[in-house]
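Architecture and fold: a report
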Amino acid sequence: METPRPFSLLCELTYRCPLQCPYCSNPLDFARHKTELDTEEWQRVLTEAAALGVVQAHFSGGEPLLRSDASQIIRHARGLGLYTNLSTGGTLLTEKLAGQLRDAGLDSLQVSIQDADAENSDRMVGGAPSFEKKIRAARLVKITGFSLTLNVVLQRQNIGRIEAIIALAEDLDAERLELANTQFNGWALKNRAALLPTRAQVERAADVARSASERLKGRMEILYVLPDYFEQFPKACLHGWGRVFLTVAADGAVLPCQTAREIRGLKFDNVRERSLEKIWFESETFCKFRGTDWLPGPCQSCPRKEVDFGGCRCQAFLLAGDASVTDPVCSLSPKHGLIVEALAESEAGANKNLIYRTASSSLQTVTRQ
Amino acid sequence: MMAIADTSKPRLAAKARLKWDAVREKHLLLFPEGVLVLNKTAHDVLALCAGQREVAEIVKALATQYGVDANAIDADVKEILQKLAQKTFVTLDD
C-alpha cells in the first residue's frame, strides 16, 4: 500500500509554560529539551510540511504565546495556504497580541480552561492566579473577531462540575466546547491515582454533555471525548501511527504523536538534520508502527484492525512495557487486567496528591527512570 | 431531519475554509480539528454557499453548470446541504 501523506502538523513552539497542569501532554523529561527552533527554522518546517501534503498547522506548547514570533510563524503558515489553529492557556493574551494573530491570518484560536471557578482552576495549574486572566482572554478572543473554542481536560477533580463548566462556556458565548477526558500518558499517568474518575462520574458527565449539546444545538458545539479506560476497544490514536498526523517538538524532534517521546528506545530525527519528507517516509520510527503488518497477535486477526490500528503505542509501552503489543485498554489485550486494576483503585477512592509539571519535577522524574 | 427550504440561504461556516490541495489534487474542507476530502459535487455546492444565493438558485446554477435539468439534481443538492448543515459546516440563513 502506498504510504499516505500527513494532513496535519502540530508545532509545539516551546516547552516553556507559566502553568503547571499535572496532566500536561509534554513529555515528562521536557526540561531536558531546552533548545528551541528559531523563527526561520519554523518557517522552513512549515514550507516542507506544506510540500509534504500538510494542510493544517496547529500551534501549541507549552505556552506558544511565550514565543514573541508566534504571529510571524503563523503568518508564514497562512501564506502557504495552511489552516492555522493556536491553542493557548490564555494568561499571556493581550489585546495587541490578539490583533496581531488576527492580522497574521490565524483561523482558529482555542483557550484552555481547567475549571469553572478561580479556586479550583488555579489549584489545577499549580497555584498561580490565572483563572481571571483566562476569562479575560476568552472574552478578548471574541472581541477580536475570532470564534471561541474552549478546551477543558476532564478529570476526577473537575468532572463533577461539568454543568458549571458548560454554563461558563455559555456565558463566554463560546462557539465550541471541547470536553476531553484525560488521556493517561506521561504526566497524567504519573497522576492517575488523583485524576482517574469513577465510572459513575464518567457516565453522568456523558449524559450532561449530551443533553447540553442537544439544548445548545446551533449555538454551541459540544464535543465530549470518552475516556478510553472505560471503553471496550482502544482509540485509533491519531488515526494510526504515521498516517495523517505528525508533531514537531520545540527542539525540532519529529514525533508521530506528541507523547511518543515517552517510548524509550525510539530514535527521533530532527528537522535540523533531515527533511520532513525523508523523516515521514523513511525514518525507522515512523515506519515502525505504520499500517497493520507489524500488529501483534490479538490485533492481527481482529476485524477492527483497520479501525484502531492496535490502539495507542505510548499506552502499550507505558503500561505493558512494550510499544509493539496491543493497547492494554483493549478488552482483548492479555494485559487488560492492568486497566481493570486501575479502575478498581479509582472506585475505592482517590489519592489527592498531585505532581505538578514543573522543571524540577521533570528533572527528578528523569533521574528516577 | 430538518427539511431544506428552497428560500434559505446557505453560508459556509466562519470556522471552515475550502482549499484546493495541489499535492493530492483534491478539494478539501478545512475546519478547526479536521479535514474533509470533498467529492466534486460537494465542492461545487459549497463553493456557492456564500450566504447570498437561495437554495433554489444554487440548484439552478449547478444544473446550468452540469448541463442537466434542475429537477434532476434538486434532491441530491438538498441532501448534501443537509449533511453539511448537520455537521455545522454550513449555516442556513432565512
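Residues numbered from 1 in each chain as written. Chains lettered and ligands numbered in written order. Predicted model: local features only at pLDDT ≥ 70, side-chain atom pairs only at ≥ 80, totals over all residues.

**Overview of the overall build of chain A**
What chain A contains, in helices and strands, is 16 helices and nine strands. Relative to the compact-globule value of 21 Å for 369 residues, chain A shows a C-alpha radius of gyration of 20 Å, a close match. If one aligns the C-alpha atoms of chain A with their principal axes, the spans along those axes are about 55 × 50 × 45 Å. Out of the 369 residues in chain A, the part that is buried amounts to 52%. Taking contacts inside chain A between residues at least 6 apart in sequence as the whole, the part at least 24 apart equals 72%. (Helix = DSSP H or I, 4+ residues; strand = E, 2+ residues; numbered from the N terminus. Rg over C-alpha atoms; globule rule 2.2 N^0.38 Å. Buried ≥ 20, exposed ≤ 12 C-beta atoms within 10 Å, placed from the backbone. Contact = placed C-beta atoms within 7 Å.)

**Considerations on the nonpolar core**
One finds Val141(A), Leu150(A), Ala169(A) and Val254(A) to be the most contacted residues of the largest nonpolar core, which totals 125 residues. Those residues in contact with Val254(A), other than ones at most four positions away along the chain, are Leu246(A), Val248(A), Phe268(A), Asp269(A), Asn270(A), Val271(A), Leu276(A) and Ile279(A). (Core = buried A, V, L, I, M, F, W, Y, C linked by C-beta atoms within 7 Å.)

**A look at the sheet that holds strand β2 (residues 17-21) of chain B**
All names here are of chain B. Read across the sheet, three strands follow the order β2-β3-β4 without closing on themselves; strand pairing throughout is antiparallel. Across the chains shown, the open sheet's two edge strands, defined by having one partner strand only, are β2 and β4 (34-38). Each strand axis lies, on average, 30° off the axis of its neighbour in the sheet, ignoring direction. Bridge count between β2 and strand β3 (residues 26-31): five bridges; the pairing is antiparallel. Bridged to Leu18 within β3 is Leu29. Here helix α1 (residues 40-47) sits on the sheet and contacts β2, β3 and β4; the angle it forms with β4, its principal contact strand, is near 110°. (Pairing = 2+ DSSP bridges. Axes fitted to C-alpha atoms, helices over the stretch in contact; angles between N-to-C directions.)

**Quick word on the interface of chain A and chain B**
Across the boundary between the two partners, chain A contributes 14 residues, which contact 12 residues of chain B. Class assignment of the residues belonging to the side of chain A that touches chain B gives a composition of three nonpolar, seven polar and four charged. (Nonpolar A, V, L, I, M, F, W, Y, C, P; charged D, E, K, R; others polar.)

**What to know about the pairing of strand β8 (residues 245-248) of chain A**
Moving residue by residue along a regular strand, the side chains alternate between the two faces of the sheet. Residues and elements named next belong to chain A. On β8, burial covers both faces: Phe245 and Thr247 on one face and Leu246 and Val248 on the other are all buried. Bridge analysis of strand β1 (residues 8-12) against β8 gives four bridges, and the strand direction is parallel. Across the sheet, residue Ser8 finds its bridge partner in β8, namely Phe245. Pairing of β8 with strand β9 (residues 254-255) involves two bridges; the strand directions are antiparallel. When the sheet's bridge partners are listed, Val248 is paired in β9 with Val254. Where β8 hands over to β9, the hairpin turn is made up of five residues, of which Gly252 adopts a positive phi near 100°.

**Structural notes on the sheet that holds strand β6 (residues 176-181) of chain A**
Residues and elements named next belong to chain A. Strand order in the open sheet formed by nine strands is β7-β6-β5-β4-β3-β2-β1-β8-β9, and the pairing between neighbours is mixed. Among the strands making up the open sheet, the edge pair consists of β7 (221-225) and β9. Set on the sheet, helix α9 (residues 199-215) makes contact with β5 (148-154), β6 and β7; between it and β7 the angle comes to about 160°.

**As for the environment of Lys133(A)**
All names here are of chain A. Along the chain, Lys133 falls in helix α5 (residues 131-144). Between the C-alpha atom of Lys133 and that of Cys287, which follows or precedes it by 154 residues, the distance is 43 Å. Setting aside residues no more than four positions away along its own chain, Lys133 makes contact with Gly90 and Thr91.

**A short note on the environment of Lys352(A)**
Residue and element names in this part refer to chain A. Along the chain, Lys352 falls in the loop between α15 (337-348) and α16 (359-368). Look at Lys352 and you get exposed, because 9 C-beta atoms sit within 10 Å. Each C-alpha atom, one on Lys352 and one on Leu195, is 8.4 Å from the other, the two residues being 157 residues apart in sequence.

**Considering the packing of helix α3 (residues 95-103) of chain A against α5(A)**
Residues and elements named next belong to chain A. One way to put it is that α3 packs onto α5 with a least axis distance of 10 Å and a crossing angle of 45°. Taken together, the axis directions place α3 and α5 in an arrangement best described as oblique. As for the relative orientation of α3 and α5, their crossing is right-handed in sense. Residues Glu95, Ala98, Gly99 and Arg102 of α3 pack against Leu140, Val141 and Thr144 of α5. Residues that form the contact of α3 with α5 fall into these classes: three nonpolar, two polar and two charged. (Parallel < 35°, antiparallel > 145°, perpendicular 65-115°, else oblique. Left-handed = near helix turned anticlockwise from the far one by under 90°.)

**Focus: the packing of helix α1 (residues 39-52) of chain A against helix α2 (residues 70-79) of chain A**
Residue and element names in this part refer to chain A. Look at α1 against α2: their axes get within 9 Å of each other, and the N-to-C directions meet at 20°. Comparing the axis directions of α1 and α2 gives the class roughly parallel. Crossing angle aside, the handedness with which α1 passes α2 is right-handed. The residues of α2 that touch α1, namely those facing Thr39, Trp42, Gln43 and Leu46, are Gln72, Ile73, His76 and Ala77. A per-class count over the contact of α1 with α2 returns four nonpolar, four polar and no charged.

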